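# Close look at the chain arrangement
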Amino acid sequence: MKETRVWETAVLAIVVFLSIGAWVVSGSFPKGDSPLVGPAVFPRVLGVILLVSSIAVFWQSRREALQASREATPSPEPEVRFNWFKLLRPIGVLVLFGFAPLLLANIGLLATVGIITVCVCLLLGAKPLETGIASLGMVGFVYLVFILLLKLQT
Amino acid sequence: MTNLFSWESILAMILGSLYGALFGALPGLTATLALSLFIPFALFLDPGVAFSAIIGITATAIFAGDIGAVAVRIPGTPASAAYTEEIYDIGQEHSPAYALGIASIPSAIGSLIGVIFLVVGSLALAQFAKQFSSFEYFWLVLLGVVSGIFASESLWKGTISFALGMLFATMGVDPALGIPRFNFDNPNLLGGLDFIVALIAFFGISEVLENVYNGRAAERPVGLTNLGAGKSIAHEYFVKTWQLCVANPWRLIRSSLMGTFIGFLPGAGSDLAAWVSSNFARMGGGNKEQVTLEGTTSNNAAVAGTWIPALALGIPGDTLTAIILGMFLTLGITPGPDLFTKNFGFVMQIYTAFFLVSVVIMPVAGYFSALVVNQMMRIPMRVLLGVVAGLCLVGTYAINNNPFDLMVVVVLGAFGLMLRKGGFPLGQLILGMVLGPLLEQYMTVSLTKTNYDLGAFFSRPVAIFLAICNILLIAAMIYLRTRGTKKA
């Protein structure tokens, strides 16, 4: 399957889940004096719009794919197939951020910023010297600007 | 509030301009990202100082998008894409300094004309809007929603992004009745999804993730060499460009007016302004310098244009003003006609900051920032992305001192990457987050005060006019899209 279509399908699945979820959860909200107002009305309207638009995008995308395969003409855009291995690095960055609250609680803001910058730089293939300069620069910047100047509580 | 002529404000404006220039110049780092990362920092500053820096960032980031186009034929921002080929060729055929001069000095002139219209337009609009009730505001916000959706490449994807933004904004408390919703008994969600946290996730983290995913971290750093091509850099940058401006006054005025008007339209912004103006120049047989001059003048004039509905009505013209409006609301400042009566001094500071940025900062600091940014473009992408990730972390934490926000950033950042790769516009999502609560509030207030009478939405002359504008806009956009599809 084409790369864009994989991402598109994944987004549509989440959107459908959110739209149904919005409709279901809104059912427990207090009712207004009229069916036109109340805390549930707007989320439910948005849920319907999201559901209809998702079906439309899915239908449009499927029709385009079918048309392309029927005509069998070379697409102006080269067909890029989905490469799951390319996801490893972004997932790595997200996992690092996921650990940040734990690090913050145990070693404080400055060390956390330093560690996250070092890890992200190394994950992106930066050289040790570059990584060292970048993380020291970040720690210095955060200390000077956020802690000394802006008095951020850490 | 700090005076604009204080050293803090002037320094903030200059540093903001340099910072904006760096983000605008580097392909992959955008003006939106620059602003998103700056907002958590700005919350700690005096509003006068913060807005001086913000105006510096927004104005120079658009100009600096041309630096990447001159250096490597890759526009730093989408607003520079309209004339990338031409400006790159000018840099090669004449000198990079001349190309950068065309990017800077006409930008300053465009921005200055835009500022004049900003002052006149916003004052007049704010005066007129004093008579508006919830009905007129409902239709105006709807106009912003409709034009925002139609501004996206895919109508359905734009609708999804807008509706998602609106749905995210429903978390917390119902704006009209004050009833809690979608907080899932989590005290961290009682106030809803923090707008700035969402901003960092969608424009900061997801930008880093996309660059990492696309393998841009491996790109080699590039900078301009031999800026003046053997001639005086200052002569090429200032004198030769000024001569070009003097020879083309009509083009400067036309593109400034066009840019301001397009910027004023909700959902349009600098990108569209640059395309329309440079295409006008091409159709009129303009040479490369003239095409670039019109494009670069127009996209900077549009920056001031987007502020007109934002200040006077509280309706953002593009993603950047949506972010700025979010900042206004976070600081407890409500944009709209009341801003002009209650905080007129602040409005004057914004006007003056725009004026200073146009007349002094953009041409002079633009010259120095081109030199500084040229050196900074040699920093490898893998290091820059690491630094941006670090800034996202500290920015997110600084807003509320709450580690929970970091978890929100992870979830929304991952979703932002999916939206980007699936072709769903993120700008519309942010516009939805700003306009959603307004739309719901005005709709509920209007219905409640008229005892749920839908006909009341068409009971006042201006409301009827705005309703017709909505219908005409929808009809015109559908017609244009259908015609475009048939032609294709």
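The written sequence of each chain sets the order in which its residues are numbered from 1. For naming, the first written chain is A and the first written ligand is 1, with later ones following in the order written. Since the coordinates come from a predicted model, pLDDT governs what is reported: local features require at least 70, and pairs of side-chain atoms require 80 or more to be given and counted, while whole-chain, interface and lining totals use all residues. Side-chain metrics rest on all non-hydrogen atoms present in the structure, leaving aside hydrogens and water.

Looking at where Glu236(B) falls in the secondary structure, it is placed in helix α9 (residues 233–247). Contacts described as polar in this section are N or O atom pairs within 3.5 Å, which, within protein, must combine one atom able to donate a hydrogen with one able to accept it, while residues neighboring in sequence count only if both atoms come from side chains. Separated by 2.6 Å, the side chains of Glu236(B) and Ser95(B) make a polar contact. Each helix corresponds to a stretch of at least 4 residues labelled H or I by DSSP, and each strand to a stretch of at least 2 residues labelled E; elements are numbered beginning at the N terminus.

Turning our attention to the side chain of Ser278(B). Residue and element names in this part refer to chain B. Along the chain, Ser 278 falls in helix α11 (residues 269–283). Type-normalised accessible area, obtained with a 1.4 Å probe on protein chains alone, sets the label of each residue: buried when under 20%, exposed when over 50%, and partly exposed for intermediate values. Assessed through its relative accessible area of 0%, Ser 278 is described here as buried. Among the polar contacts made by the side chain of Ser 278, one reaches the main-chain carbonyl oxygen of Trp 275 at a distance of 3.4 Å. Should any heavy atoms of two residues lie within 4.5 Å, those residues are counted as being in contact. Not counting the four nearest positions on each side in its chain, Ser 278 is found in contact with Ala 82, Val 291 and Gly 295.

Right, let's talk about the interface of chain B and chain A for a bit. Taken together, the contact pairs 60 residues of chain B with 67 residues of chain A. Two parts placed together each lose some accessible area under a 1.4 Å probe, and the buried area is that loss summed for both. For the pair chain B and chain A, the summed buried area comes to about 5700 Å², and 85% of that belongs to carbon and sulfur atoms. Note on definitions: salt bridges are taken to be side-chain nitrogens of Lys or Arg within 4 Å of carboxyl oxygens of Asp or Glu. Counting across the interface, chain B meets chain A through 3 salt bridges. Across the salt bridge formed by Lys157(B) and Glu8(A), the nearest N and O atoms sit 2.7 Å from each other. At the surface where chain B touches chain A, the tally comes to 4 residue pairs in polar contact (both at pLDDT 80 or more). Only α7 (155–169), α8 (195–213), α16 (381–400), α17 (404–421) and α18 (426–449) of chain B provide two or more residues apiece to the side of chain B that touches chain A. For the side of chain B that touches chain A, the element with the most residues is α16(B), which contributes 13 residues. Residue polarity follows a fixed list, in which Ala, Val, Leu, Ile, Met, Phe, Trp, Tyr, Cys and Pro are nonpolar, Asp, Glu, Lys and Arg are charged, and the others, Gly among them, are polar. A class-by-class count of the residues in the side of chain B that touches chain A yields 45 nonpolar, 9 polar and 6 charged.

For the rest of this paragraph, the subject is a nonpolar patch on the surface. Candidates for patches are residues over 30% relative accessible area with no salt bridge; among them, like charges are joined within 9 Å and nonpolar side chains (Val, Leu, Ile, Met, Phe, Trp, Tyr) within 5 Å. Areas reported here follow the Shrake-Rupley algorithm with a probe of radius 1.4 Å; residue values treat only the protein chains shown as occluding. Among the surface-exposed residues, Ile20(A), Trp23(A), Val24(A), Val48(A), Leu51(A), Val52(A), Ile55(A) and Trp156(B) lie close enough to one another that they form a single nonpolar patch of about 720 Å² accessible area. Secondary structure elements with two or more residues in the nonpolar patch: α1 (3–26) and α2 (41–71) of chain A. Here the element with the most residues in the nonpolar patch is α2(A); it accounts for 4 residues. Among the secondary structure elements, Ile55(A) is positioned in helix α2. The class of Ile55(A) is exposed, set by a relative accessible area of 54%.

Looking now at the environment of Leu393(B). Locating Leu393(B) in the fold gives a position in helix α16. Leu393(B) has contacts with Phe97(A), Ala100(A), Thr112(A), Val113(A), Ile116(A) and Leu406(B), leaving out every residue within four places of it along the chain.

All names here are of chain B. For the pair helix α5 (residues 96–129) and α9, interaxial distance at closest approach is 8 Å and the crossing angle is 50°. Our classification of the angle between α5 and α9 gives oblique. Crossing angle aside, the handedness with which α5 passes α9 is right-handed. Contacts between α5 and α9 involve Ala 97, Tyr 98, Leu 100, Gly 101, Ile 102, Ser 104, Ile 105, Pro 106 and Ile 109 on the former and, on the latter, Ile 233, Glu 236, Tyr 237, Phe 238, Lys 240, Thr 241, Trp 242, Leu 244 and Cys 245. Between the N-to-C directions of two axes lies an angle of 0 to 180 degrees, each axis being a line fitted to C-alpha atoms and, for a helix, fitted only over the stretch in contact. Should an angle fall under 35 degrees it is called roughly parallel, over 145 degrees roughly antiparallel, and 65 to 115 degrees roughly perpendicular, with every other angle called oblique. Handedness of a crossing follows from how the near helix is turned relative to the far one, being left-handed for an anticlockwise turn of less than a right angle and right-handed for a clockwise one.

Residues and elements named next belong to chain B. The criterion for an aromatic pair is that two Phe, Tyr or Trp rings (for Trp, the six-membered ring) have centres within 6.5 Å, with stacked assigned to planes under 30 degrees apart, edge-to-face to planes over 60 apart and tilted to the rest. Inspection of the entire model under this criterion finds 22 aromatic pairs over all chains. With a centroid separation of 4.8 Å and 35° between ring planes, the pair formed by Phe 51 and Phe 328 is classed as tilted. Here Phe 51 is found in helix α3 (residues 47–72), whereas its partner Phe 328 is found in helix α13 (residues 319–330), with 277 residues between them in sequence. Overall, the relative accessible area of 1% leaves Phe 328 in the buried class. Considering the side-chain rings of Phe 132 and Tyr 137, the 5.7 Å spacing of their centres and the 75° angle between planes classify their relative orientation as edge-to-face.

A word on the domain arrangement of chain A. According to the domain assignment, chain A consists of domain 1 (3–71) and domain 2 (85–149). If you average the C-alpha positions of domain 1 of chain A and of domain 2 of chain A, the two centres end up 37 Å apart. Start and end positions for the domains come from either an automated domain assignment or a database one.

Attention now goes to the layout of surface pockets. Only protein atoms enter the 1 Å grid used here, on which a cavity is any set of points holding a 1.4 Å probe that cannot leave and a pocket is any open set flanked by protein within 12 Å on both sides along at least five of seven lines; residues with an atom within 4 Å of a point are listed as lining. Grid points are joined across faces, edges and corners, and a volume is the space filled by probe spheres set on the points. Roughly 1200 Å³ of volume is contained in the second largest pocket. Phe141(A), Val145(A), Leu15(B), Tyr19(B) and Leu391(B) are the residues nearest the centre of the second largest pocket, which is lined by 40 residues in total. Mapped by element, the contributors of at least two residues to the lining of the second largest pocket are α4 (128–149) of chain A together with α1 (7–25), α2 (31–42), α3, α15 (344–376) and α16 of chain B. Tallying contributions element by element places α1(B) first for the lining of the second largest pocket, with 10 residues. Among the residues making up the lining of the second largest pocket, the classes are represented as 34 nonpolar, 3 polar and 3 charged.

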